[in-house]
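# Structural overview
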Amino acid sequence: MKSKYIENKIAGFCDVMDMDFQEEFIREYEKIGDDPYFGGKHCGSDAEHEGSFFIAEKLREIGIPQVELLKFNGCRYQFNGAVISLQEGLYGCDGREIKAYGYASPGTGGADLTAELTDADLSVLDTYESIDVKGKIALIKGMDGLDGENATEQMEEAELHGATGILMYMVDDILDDEMVRVQYPRYIPKIPVLAISKSDAEYLKNITETNDIVEMTLNVDADYDPEGGTTYNVLGMIPGKYSNEQIVFTAHLDHYFKCIQDNMSSCATVLGIAKAMIDSGYEPNRNICFAFHGSHECGPADGKYNYIFGAYQMVHKLKPDWQGRTIAQINFEYTALQLNKLGIASTVGNEINFVSYAEEYAPELLGGFREINEKIEPYTSAFAPYCDLIGYVTGGIPGYTNDVMSEQIFDNTSPYCGRDHSTADNWEIFNINALEDTDRFYGGFGIYLDQMPYMEMDFSAQSVRIKYPLDDEAVEALKGVKVDVDGLTAVLDNLTKTSKELFRAQHAGNTQYMKSLDKCSMNGSDTEKLHKEWFAKAKDSNRETLDIFKYFHMELDRVTPIGLLYVGSQKYMENISQIMEAIANIKKGDVTRAVKENLLEVDLLGKSLYFSKSIVDHGYRQAVAPEYAESRIWAEGRESDSCLTMYRTMRSLGRKMKSEKPGCHKEIICLMTAMLGEVRLLKKHMKSEKKALELATKLIDTQTVKQLYT
């Protein structure tokens with residue numbers, strides 16, 4: 001049923017959207033930066049602080065009644081600039097000025113660092129069999145593709161072999177040869193690490209190739225304290241009239257470079273939505289919060305999942321009372337990016353709200369997108385850890401984020417391809433229509449959710465998610481290792497049936513409410529009593545729904561080595577399949593395919609293939625060891641105990657990749673042993689997941705709202 005009352009509320013909000021205010025904010029926010037040339041607001045830096053204060057002041061200016069600055073501790077990195085110099089006239093230099101951007105690492109303490117420059121190529125363990133980097137500055141080419149996750153280990157390897165400084169550059173998935181790209185390292189460097197462009201790197205490589213010894217001077221002005229930083233989250237709130245439940249709009253406020261899309265435009269979106277709610281006179285039923293998180297790009301300095309720190313701090317440390325009463329988080333990334341489709345990624349179960357809203361209430365598009373994608377694929381929940389959404393999900397809060405990833409990752413049609421975390425995230429791809437379409441659509445969505453007394457959750461989506469990879473071939477393979485697939489299917493069918501009944505009851509309650517609301521509105525009657533009655537009636541049911549949502553997340557979600565969310569058993573299935581394919585490829589003599597296409601997916605992203613054992617051990621401890629638990633922040637408690645590293649086997653296979661007739665009998669035995677270990681873990685996890693699904697079904701079956709509206 002479509003409510004005229006709700007439709008008018010959304011229309012009134014959209015009519016006052018102030019785009020001049022938002023663009024002016026971005027242009028002012030852009031001026032605040034650590035480095036005068038590159039910009040940047042890094043974790044705990046002066047610019048991040050200034051940006052936080054600026055956003056808080058903007059919230060006050062637009063009339064948000066409650067504004068807070070919430071402080072927490074983490075890493076501090078402030079990059080003020082760097083000078084790279086080669087003596088003009090020597091080595092055939094042309095006096096080129098090389099612009100460098102800092103990775104989170106120390107500076108040179110106000111002094112010059114002069115050392116020999118050495119081309120360390122990919123900086124893997126085998127590199128140092130033929131070159132000596134001790135006391136030298138290492139020029140390192142970043143890995144590409146799946147191996148691109150190994151930039152941190154490339155730095156570690158150079159430092160382990162005695163490098164005194166590092167220059168990193170990227171060659172693949174970049175927009176052009178002049179851009180500079182960075183990613184925060186997952187370890188604590190003790191030497192300066194800088195990023196330069198491919199063009200400048202090739203210039204330096206040519207010099208090293210035509211000269212026996214090339215001396216270079218670095219002067220890096222940076223303040224790096226792995227533990228002594230202070231960051232702020234900024235929070236504004238419009239109090240709700242009838243409920244202490246809440247809806248939270250979020251964006252992260254820190255960024256690399258000037259980063260117009262990631263994430264200045266999203267900060268503008270949250271501010272723009274806040275201003276439109278104030279200007280339209282919208283009086284929310286629930287608290288409407290506007291949260292801006294710091295330390296998104298980097299939190300703990302030494303950790304595998306050392307990002308999305310501010311959002312996690314908000315829900316678990318700064319505002320733990322948000323758990324159990326926050327019915328939705330709506331998060332934003334790249335909101336001024338023109339795409340083919342305006343879509344959404346969602347946590348599992350609450351997708352149904354988006355579908356209903358998109359079909360009945362979505363504002364008309366103004367040119368930023370060609371169409372609205374009303375379908376949410378089951379796999380989109382796996383993307384949650386790439387944005388602040390995951391910090392909220394870990395507190396049992398359902399969430400949504402604008403889907404800017406599908407066209408970038410799967411279609412390769414996004415104008416953002418090759419621009420992330422780089423100098424190319426600039427005004428060239430700023431689109432005011434996309435910004436306004438995003439503001440109107442998601443701001444209206446927040447109003448729609450606020451108007452519904454009952455949370456609507458379709459937990460049968462968990463069944464769809466679990467069944468998604470279980471095609472006929474997978475089922476036969478599982479039965480072959482004596483996994484009770486039929487028993488699991490029966491449990492999932494029961495979960496689907498019970499979940500659908502719950503959703504129908506929630507929807508029936510909201511439908512009855514909307515009918516009464518529209519009737520009162522048409523008669524000119526006061527809706528105050530109606531609102532109070534219905535939101536009070538729905539409170540217990542919503543709390544139960546949130547409890548069930550959190551239970552599903554805690555019991556089913558696990559994190560993969562590349563930081564995606566999976567149902568735990570699915571990762572074991574994938575590992576078993578990949579190891580079996582690897583063995584088959586090895587037996588065919590194609591060791592390279594076995595390693596590159598199969599085992600990189602299993603073995604901690606192939607770090608064993610490339611790096612020293614001490615570095616691989618460090619990565620392993622970051623992923624699973626108790627002493628690193630707090631550094632895993634949002635991933636804590638969701639770590640997979642799957643096969644993470646097979647160091648000796650991978651190193652051995654790496655040596656045999658170039659052999660025409662490799663003998664791999666021992667390696668096959670090791671892989672078979674690993675696979676059997678994965679089978680044992682699969683059985684264990686499928687058994688525990690089955691029990692969890694049975695209990696969840698019972699919880700759903702006793703939900704309060706079912707007694708009222710079924």
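Residues numbered from 1 in each chain as written. Predicted model: local features only at pLDDT ≥ 70, side-chain atom pairs only at ≥ 80, totals over all residues. Heavy atoms only, no water.

### Let's talk about the overall build of the protein
- In terms of helices and strands, the protein carries 22 helices and 16 strands.
- Compactness check: the protein gives a C-alpha radius of gyration of 27 Å against a globular reference of 27 Å for 710 residues, within 12% of the reference.
- By its C-alpha atoms, the protein is 90 × 65 × 45 Å across when sized along the principal axes.
- Residue burial in the protein is summarised as follows: out of 710 residues, 62% are buried.
- Counting contacts in the protein only where the partners sit at least 6 residues apart, residues at least 24 apart contribute 82% of the total.
- Within the structure as shown, the protein displays about 26900 Å² of accessible surface, and the carbon and sulfur contribution to it stands at 47%.
- Side chains of the protein carry 74 positive and 111 negative charges; the gap between the two charge centres is 7 Å. (Helix = DSSP H or I, 4+ residues; strand = E, 2+ residues; numbered from the N terminus. Rg over C-alpha atoms; globule rule 2.2 N^0.38 Å. Buried < 20%, exposed > 50% of the residue type's maximum accessible area, 1.4 Å probe, protein only. Contact = heavy atoms within 4.5 Å. Areas by Shrake-Rupley, 256 points an atom, 1.4 Å probe, with all protein chains shown as cover. Lys, Arg positive; Asp, Glu negative; His and termini not counted. Charge placed at Lys NZ, Arg CZ, Asp CG, Glu CD.)

### A few points about the side chain of Glu157
- Note on placement: Glu157 falls in helix α4 (residues 151-160).
- Of the side chains with opposite charge, Arg651 comes closest to the buried, unpaired Glu157, at an N-O distance of 7.5 Å.
- Contact partners of Glu157, with chain neighbours within four places excluded, come to Ser123, Val124, Leu125, Tyr128, Phe611, Ser612 and Ile615. (Salt bridge = Lys/Arg side-chain N within 4 Å of Asp/Glu carboxyl O.)

### Section: the environment of Tyr91
- By secondary structure assignment, the location of Tyr91 is in the loop between β1 (66-85) and β2 (101-102).
- The residues contacting Tyr91, other than those within four sequence positions of it, are Ile207, Asn211, Ile213, Val214 and Glu215.

### A few points about empty space enclosed by the protein
- By the definition in use, this model includes five cavities of 30 Å³ or more.
- As for the largest cavity, its lining consists of Ile327, Ala328, Asn350, Asn353, Pro398, Tyr400, Leu449, Met452, Tyr454, Met455, Glu456 and Met457.
- Its residues placed into classes, the lining of the largest cavity shows nine nonpolar, two polar and one charged.
- The calculated volume of the second largest cavity comes to roughly 90 Å³. (1 Å grid on protein atoms, 1.4 Å probe; cavity = no way out; pocket = protein on both sides within 12 Å on 5 of 7 lines; lining within 4 Å. Points joined across faces, edges and corners; volume = space filled by probe spheres on them. Nonpolar A, V, L, I, M, F, W, Y, C, P; charged D, E, K, R; others polar.)

### Concerning the pattern of salt bridges
- Overall, the coordinates contain 38 salt bridges when judged by the stated rule.
- Note that Asp46 is salt-bridged to Arg76, the shortest N-O span being 3.4 Å. Here the residue Asp46 occupies a position in helix α3 (residues 46-61), and Arg76 occupies one in strand β1, the gap between them amounting to 30 residues.
- Classification of Arg76 by relative accessible area gives buried; the value is 14%.
- A single network of salt bridges, built from pairs that share partners, joins Lys497, Glu501, Asp701 and Lys706.

Honestly, it's all geometry; don't read function into it.
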